[in-house]
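Residues per chain are reported as follows:
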Amino acid sequence: ELIKDLPSAFQEFADAKKNSFLTGLFVACVLLLTSCDSIINTVYVPYKSSEDSKWGMISMDGSVLFENEFKHCPTCVSNGIFYVKNGNDMWEMYEASENPEKVGEEYIGICPFTAEVTPAVKKNERITLINKSGKVTATLDKAKGKSIKACFAFTFGYAIIRTEDDKFGAIDTRGNVIIDPKYDQLFPIDQDMLAGYNTEPEKDYDNFSFITPKGSVKMTLNVGRGQKYSSIDIMNSVNSSKYLAVCTKTDGEDYWGYINYNKEVILKPSKKVRGIGSLLDDKFIYQNDEGKV
């Protein structure tokens, strides 16, 4: 179990803790990491020209890149690269072109190219980082003395890793550990912030740490029963290292607001904000006390 393909890996990520912010972040991450970028600013997706034909690639405007090429359905194009399984049930990597050329070797698992390198692993070998030519640039062996058992696609220039003791940390594109694997879960927020948490089952709350990609902890926050905030919403704080959506519970009702990473209240939770939605710069979507958005 060195690496998993994207859907199963992120399903495991989502199943780790069944709560609203985690499930939402899972969806956001999958949408981000499976987005179909292109070498020529065109989105290419797999298609068949007929029921009996092999798979090809077509743009959203109907322009065919190639057709009738692969028996198995390829992935979307991400940064000029796509993957397809071969007859041995192994992943092969191809450059997206009118005559797609195989690069690298065959892999039991590989992530989309969301950076200049991506995690990949060959049969019976450790997880490596490879570039678009298939060259190995780093091997992920151990972190803090613990074997690295899984690595996820790069987001904002770093990738989440999981060690043999089921703790999460992060690496940079050179394979260097930038956040030690000591969290029960670790999530990207933006290029300047990650959120890690450890559960406190006996105390009925979670301890969150908000960490820069250099490994420094910017804020810690206990969330759950008996704490100032009953829950937080990571998904609707994604792409913002400025504000964190927080919730207080009064008479069984949720009141939402925002704090910054100095724990200063930016928007005091109140009955005027009963639900909170997407955040963009200083604007956000919310539901009022009448249930209107």
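Nothing here was measured: the structure is a model prediction, and the numbers come from that model.

**Considering the overall build of the chain**
Phase 1: For the chain, the helix and strand inventory stands at two helices and 25 strands.
Phase 2: With 293 residues in all, the chain has 48% of them scored as buried.
Phase 3: When contacts within the chain are restricted to residue pairs at least 6 apart in sequence, those whose partners lie at least 24 apart make up 31%.
Phase 4: Just so you have it, the chain exposes about 14900 Å², and 46% of that area is on carbon and sulfur atoms.

**Details of the state of the cysteines**
Phase 1: In the structure shown here, the tally under the stated rule is zero disulfides.
Phase 2: With no disulfide partner, C151 has as its closest neighbouring cysteine sulfur the one in C111, 6.4 Å distant.

**Brief notes about the side chain of N86**
Phase 1: Mapped onto the fold, N86 is located in the loop between strand 4 (81–85) and strand 5 (91–95).
Phase 2: Given the relative accessible area of 11%, N86 is considered buried.
Phase 3: Among the polar contacts made by the side chain of N86, one reaches the side chain of E92 at a distance of 3.1 Å.
Phase 4: When residues no more than four places from it in sequence are discounted, the contact partners of N86 are H72, E92 and E106.

**Brief notes about the environment of V293**
Phase 1: Relative to the helices and strands, V293 is located in the segment after strand 25 (283–287).
Phase 2: Exposure remark for V293: the relative accessible area of 80% places this residue in the exposed category.
Phase 3: Residues V293 and R274 lie 19 residues apart in sequence; the distance between their C-alpha atoms is 9.9 Å.

**Re the nonpolar core**
Phase 1: The biggest cluster of nonpolar side chains holds 17 residues, and the ones touching the most others in it are F210, L221, I232 and L244.
Phase 2: If you list the elements that add at least two residues to this core, you get strand 16 (185–190), strand 17 (193–200), strand 18 (205–211), strand 19 (217–224) and strand 21 (243–250).
Phase 3: Residues A115, V117, I127 and I161 belong to the second largest nonpolar core, which totals 14 residues.

**Remarks on the pattern of salt bridges**
Phase 1: As enumerated under the stated definition, the model contains 12 salt bridges in all.
Phase 2: Residues K102 and E92 are paired through a salt bridge, measuring 3.4 Å at the closest nitrogen-oxygen approach. With a gap of 10 residues between them, K102 in strand 6 (residues 101–107) and E92 in strand 5 connect regions that are remote in the sequence.
Phase 3: For E92, a relative accessible area of 12% corresponds to the buried category.
Phase 4: Two residues, R126 and D141, come together in a salt bridge whose shortest N-O distance is 3.9 Å. Remark: D141 occurs in the loop between strand 10 (136–140) and strand 11 (142–143) and R126 occurs in the loop between strand 8 (118–121) and strand 9 (127–130); sequence separation between them is 15 residues.
Phase 5: A single network of salt bridges, built from pairs that share partners, joins E105, K122 and E125.

What counts as what
Residues numbered from 1 in each chain as written. Predicted model: local features only at pLDDT ≥ 70, side-chain atom pairs only at ≥ 80, totals over all residues. Heavy atoms only, no water. Helix = DSSP H or I, 4+ residues; strand = E, 2+ residues; numbered from the N terminus. Buried < 20%, exposed > 50% of the residue type's maximum accessible area, 1.4 Å probe, protein only. Contact = heavy atoms within 4.5 Å. Areas by Shrake-Rupley, 256 points an atom, 1.4 Å probe, with all protein chains shown as cover. Disulfide = S-S within 2.5 Å. Polar contact = N/O pair within 3.5 Å; in protein donor to acceptor, adjacent residues only side chain to side chain. Core = buried A, V, L, I, M, F, W, Y, C linked by side-chain atoms within 4.5 Å. Salt bridge = Lys/Arg side-chain N within 4 Å of Asp/Glu carboxyl O.

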